[in-house]
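Below, each chain spelled out in residue letters.
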Amino acid sequence: MAAFIPTTTTINGLASNTKLSGSKVQSSFKSTKPVFTTSRSSRSTARSSFKSTTKPSMAAFKSTEIDDDKFDELVLKSSTPVLVDFYAVWCGPCKLMAPLMDWAASEYGDKLKVYKIDTEKNPRFVKEYKIYGLPTMTLFENGKSVAQVEGALPKKGISEFIEKNIPSLAKSS
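Every value quoted in this text rests on a predicted model; they were computed, and no experiment measured them.

### A closer look at the overall build of the protein
Within the protein, the regular secondary structure consists of five helices and eight strands. When the helices and strands of the protein are listed from N to C terminus, the series reads β-β-β-α-β-α-β-α-β-α-β-β-α. Scored against the burial criterion, the 173 residues of the protein give a buried share of 34%. Partitioning the intrachain contacts of the protein with sequence separation of at least 6 by distance along the chain shows that 58% fall at a separation of at least 24. If you sum the accessible surface of the protein, you get close to 11,600 Å²; carbon and sulfur atoms cover 56% of it.

Structure representation (structure tokens):
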């Protein structure tokens, strides 16, 4: 008859119960501390449920690159206020602003159109709108430039710029 010798060892909050049975060793671990685990499926479910409770994805509202040919139609003839980001591909701060332009498009939705114009491909805007540095953001309302700011801004700076110059877009607190 085989003899069972139960032993209990605790290391870092794990209790090990070991039973020796002849030549076999049976071990089981039990935590003395609370353990939180999730399976892959519960993590993906949590992620998907989180996504469904947030604002529409940025894919729904993104800034759009336009050129000289579409500027009059999409910006000057727009009945909706327009934010135009004048940038250049080689400009480091302009690259930082790209995701923030998508954020602005998502944040203001149908109330504000957001476009990007590459000043290297469309140089007429540099002189026409007095763009001396990049990036430059210009707000248009009713076909006219109402405000302009030069340089990279954080989200808060962008929203303040927009809401100060187009009060109808101000978020109520």
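### Some words on the pairing of strand S6 (residues 113-118)
For S6, the tally of buried residues reaches five of six residues, placing the bulk of the element in the interior. Bridge count for strand S4 (residues 64-65) against S6 is two bridges, and the pairing is parallel. Considered in S6, the bridge of threonine 64 is made with tyrosine 115. Where strand S5 (residues 82-87) meets S6, six bridges bridge the pair, whose relative direction is parallel. In the sheet register, leucine 83 faces S6, and the bridge partner there is valine 114. Handedness of the crossover joining S5 and S6 through helix H3 (residues 92-108): right-handed.

### Description of the confidence of the model for the protein
In the predicted model, the protein carries a mean pLDDT of 79, and 64% of its residues have values of at least 70. Counting interchain partners and residues more than four positions distant, the pLDDT-below-50 stretch residues 35-39 has one contact. Scored below 50 in pLDDT, residues 41-59 makes six contacts in the model with residues more than four places away or belonging to other chains.

### Notes on the environment of lysine 62
Along the chain, lysine 62 turns up in the loop between helix H1 (40-53) and S4. Spatially, the C-alpha atoms of lysine 62 and proline 99 are 9.0 Å apart, while their sequence positions differ by 37 residues. With near-sequence residues (within four places) excluded, lysine 62 lies in contact with Asp102, Ala105 and Val114.

### Comments concerning the state of the cysteines
Applying the stated criterion across every chain, the model contains one disulfide. Between the sulfur atoms of cysteine 91 and its disulfide partner cysteine 94 the distance amounts to 2.4 Å. As the torsion about the S-S bond is roughly 75°, the cysteine 91-cysteine 94 disulfide counts as right-handed.

### Concerning helix H5 (residues 155-165)
For H5, every residue scored as buried is listed here: Gly157, Ile158, Ser159, Phe161 and Ile162. Packing partners of the buried residues in H5 comprise S5, H3, strand S7 (136-141) and strand S8 (144-150).

### What to know about the pattern of salt bridges
According to the stated counting rule, one finds three salt bridges in the structure shown. For lysine 171, the salt bridge identified is with glutamate 107, shortest N-O distance 3.8 Å. Placement of lysine 171 in the segment after H5 and of glutamate 107 in helix H3 is noted, with a sequence separation of 64 residues between them. Of the charged contacts, one joins arginine 124 and glutamate 128 as a salt bridge, the two residues approaching to 2.4 Å between their closest N and O atoms. Pair noted here: arginine 124 and glutamate 128 are both in helix H4 (residues 124-128), with a separation of four residues, about one helical turn. Judged by its relative accessible area of 40%, glutamate 128 is partly exposed. Salt bridges here are not isolated pairs; linked through shared partners, they connect Asp68, Arg124 and Glu128.

### Thoughts on the sheet that holds S6
Taken together, the five strands give an open sheet; going across it, the order is S4-S6-S5-S7-S8, and neighbouring strands pair in mixed fashion. Of all strands in the sheet, those bounded by a partner on one side alone are S4 and S8. Running over the sheet, H3 touches S5, S6 and S7 and is turned about 165° from S5.

The rules behind these values
- Residues numbered from 1 in each chain as written.
- Predicted model: local features only at pLDDT ≥ 70, side-chain atom pairs only at ≥ 80, totals over all residues.
- Heavy atoms only, no water.
- Helix = DSSP H or I, 4+ residues; strand = E, 2+ residues; numbered from the N terminus.
- Buried < 20%, exposed > 50% of the residue type's maximum accessible area, 1.4 Å probe, protein only.
- Contact = heavy atoms within 4.5 Å.
- Areas by Shrake-Rupley, 256 points an atom, 1.4 Å probe, with all protein chains shown as cover.
- Pairing = 2+ DSSP bridges.
- Right-handed = clockwise from strand over helix to strand, strands pointing away.
- pLDDT = per-residue confidence, 0-100.
- Disulfide = S-S within 2.5 Å.
- Salt bridge = Lys/Arg side-chain N within 4 Å of Asp/Glu carboxyl O.
- Axes fitted to C-alpha atoms, helices over the stretch in contact; angles between N-to-C directions.

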